[in-house]
Amino acid sequence: MKQICVIGVGYVGIVTGACFADLGNKVIALDVNEKRVENLKKGIMPIYEPGLEELVRRNVNAGRLSFTTNYAEALKGTEFAFIAVGTPSGVNGEADLQYVASAAKSIAEHMAAPLVIINKSTVPIGTGDWVADIVKREQKKQVDFAVVSCPEFLREGSAIGDFMQPHRTVIGSFDREAANKVAQLHLPLRAPIVITDLRTAEMIKYASNAFLATKISFINEIAEICEAYGADVKEVAAGMGYDARIGRHFLDAGLGWGGSCFPKDVLALAYMAEDKDLNPRILNTVMEVNYDRRKSAVRWTEELLGGSLKGKTIGLLGLAFKPNTDDMRDAPSIDIAQELLEDGASVRGYDPVAMEVAAPLLPAVKMYTDPYDMAKGCDALIVVTEWNEFKQLDLEKVKSLLKTPVIFDGRNIYDPAIMKNYGFNYRGIGRGFNGK
Ligand code: NAD
Ligand code: UDX
């Protein structure tokens, strides 16, 4: 059993803390957000993540997991401090490191014994060295420490499974002893461990996210070509995916990527390249292709409605950036709703879990607590998020409730032939045959 402190209890921090506690360690999770910590002490989760509440409860009850806002308390007797604070986009697309800097400063001020500081936040190349400088400068008395990069690769919605069964653990440090200690901590996960230097570990994280985002933009471009020539992108992805060099993962064509990571990380990597006078042509195109999807979705819906959105009522099925999360950061629903409103449509929204987070971000969107109520009187529905419950909708009922039976399926959850049989004016993405 090791004693660990996790700094920042957002999507990554709370999962990291609860999972390390579940592996038998003693974890103190700290956040500067008092309300979050107060709620966690009462068993109220800061985010929606399947399985999280139960995992937290179990480990709190076992005395392995606790919460605090007090750095001195969190660091007392701790051998490892994970930094898991946010690194959002700054004004020019660079990663904003103010929260990392503030966490590093607080660690320096309150650490009383040797510590391994582990950066789990996604940070620009060179940040590990910068964190080490801050800690050295801000320490009141000199105490030994090492900085290690251990980027996180979990996905929201399947975060616990991803944490517990990672594809690999990446550890970067110039301090071999510290790197080995962090490796020991991850041994129970039984995943390959890559030990490298700090900067390379930081780069592995950005390159991985950028590559996955590239795969998605690539298949979305292929989808457009499929559509023009009468091929079906779902079958194309399946056929490509059997080639082990390609793989089937991240080849789902649709409204493209959003969320808390890909958008800011691809942008930050492009920024880093430009900062060194390089021209990140692929990264820039990957972003351009991605954001075009959102505009195209509105144009295609307009086409299905005969050429105008003015005065039409459109219902958005799903608002979160992906299923099984309430995260609305850079969700396609936000841009799509905005574009529809600008074109004179009224917009309605329904999401199984993200309504509370979404409502303040979409003040002009009328929210519904039931998808059928939302569909009643709509001119068209757009599938924005592929929640399982949308796959199970009573489509006969949906058709009878709609003013005109129009569905634009931005996530390809329905079969075009079946939708045609129901009598829908239906369009998916990259499905050239479209049930014809
Ligand atoms: P988040 O915004 O959900 O949570 C960050 C938390 O840090 C907040 O609760 C905030 O109050 C707290 N915080 C800010 N400053 C603090 C300080 N000085 N001391 C203590 N707490 C502080 O962020 P997130 O989505 O969990 O992301 C965290 C990092 O992990 C980011 O760098 C992100 O890129 C990376 N990451 C995120 C995911 C993901 O799926 N969300 C996956 C992999 C990596
Ligand atoms: C991503 C990375 O996968 C994860 O490794 C990293 O730690 C954080 O960022 P996340 O954003 O939670 O995780 O979800 P992910 O499942 O990767 O989806 C990202 C976006 O891509 C979503 O908007 C999703 O809808 C979209 N996507 C994903 C596609 O459009 N097509 C796909 O085939 C896969």
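In this numbering scheme, every chain counts its residues from 1 along its sequence in written order. Chain A is the first chain written and ligand 1 is the first ligand written, with later ones labelled in order. Note on the predicted model: pLDDT of at least 70 is required for a residue's local features to be given, and 80 or more for side-chain atom pairs to be given and counted; whole-chain, interface and lining totals, by contrast, use all residues. In computing side-chain properties, one takes all heavy atoms of the structure into account and sets aside hydrogens as well as water.

Moving on to the site of ligand 1. Residues are labelled near a given molecule or strand when at least one of their non-hydrogen atoms is within 4 Å of it. Within the structure, ligand 1 sits among 28 residues, and Asp 31, Arg 36, Tyr 71, Thr 87 and Lys 264 are positioned closest to it. N or O atoms closer than or at 3.5 Å make up a polar contact, with two conditions inside protein: a donor-capable atom paired with an acceptor-capable one, and, for residues adjacent in sequence, both atoms drawn from side chains. Measuring from an oxygen atom of ligand 1, one finds a side-chain N or O atom of Asp 31 at 2.6 Å. A distance of 2.7 Å separates a nitrogen atom of ligand 1 from a polar atom in the side chain of Tyr 71. Per-residue and other accessible areas follow the Shrake-Rupley method at a 1.4 Å probe size, with only the shown protein chains counted as cover for residues. Notes on ligand 1: free accessible area 840 Å², of which the protein chains cover 91%. Put simply, DSSP H or I for four residues or longer makes a helix, DSSP E for two residues or longer makes a strand, and each gets a number counted from the N terminus. Going through the elements one at a time, α1 (11–22) and α5 (98–110) are the ones with two or more residues in the shell around ligand 1. Sort the elements by how many residues they give to the shell around ligand 1 and α5 lands first, with three residues.

It is worth spelling out the packing of aromatic side chains at this point. Centres within 6.5 Å make a pair out of two Phe, Tyr or Trp rings, where for Trp the six-membered ring is used; the pair is then stacked when the planes are under 30 degrees apart, edge-to-face when over 60, and tilted otherwise. Enumeration according to the criterion identifies eight aromatic pairs in this entry. When the centroid spacing of 5.9 Å and the interplanar angle of 40° are considered together, the rings of Trp 300 and Phe 408 count as tilted. Here Trp 300, found in helix α12 (residues 281–304), pairs with Phe 408, found in strand β13 (residues 406–409); they are 108 residues apart in sequence, far enough to count as distant. Consider the rings of Tyr 350 and Phe 390, whose centres lie 6.0 Å apart with planes at 65°: the pair is edge-to-face.

Look at helix α11 (residues 262–275): 20 Å from first C-alpha to last across 14 residues, which is about the 20 Å you get at 1.5 Å a residue. Partly exposed residues are those whose accessible area sits between 20% and 50% of the maximum for their type, while under 20% is buried and over 50% is exposed, using a 1.4 Å probe and protein chains only. Within α11, ten of the 14 residues are buried, which leaves the element mostly enclosed by the surrounding structure. Listed in full, the buried residues belonging to α11 are Phe 262, Pro 263, Lys 264, Asp 265, Val 266, Ala 268, Leu 269, Ala 270, Met 272 and Ala 273. Residues count as neighbours in contact if any of their non-hydrogen atoms are within 4.5 Å of one another. Contact partners of the buried residues in α11: α9 (198–229) and α12. Asp 277 sits one or two residues past α11 and shows a positive phi near 60°. What a helix should span is 1.5 Å times the count of its residues minus one.

Within the element layout of this structure, Asp 409 appears in strand β13. Within polar-contact distance, the side chain of Asp 409 engages the backbone nitrogen of Ile 413 at 2.8 Å. Those residues within four positions of Asp 409 in sequence are excluded, and the remaining contacts are Val 383, Tyr 414, Tyr 426, Arg 427, Gly 428 and Ile 429.

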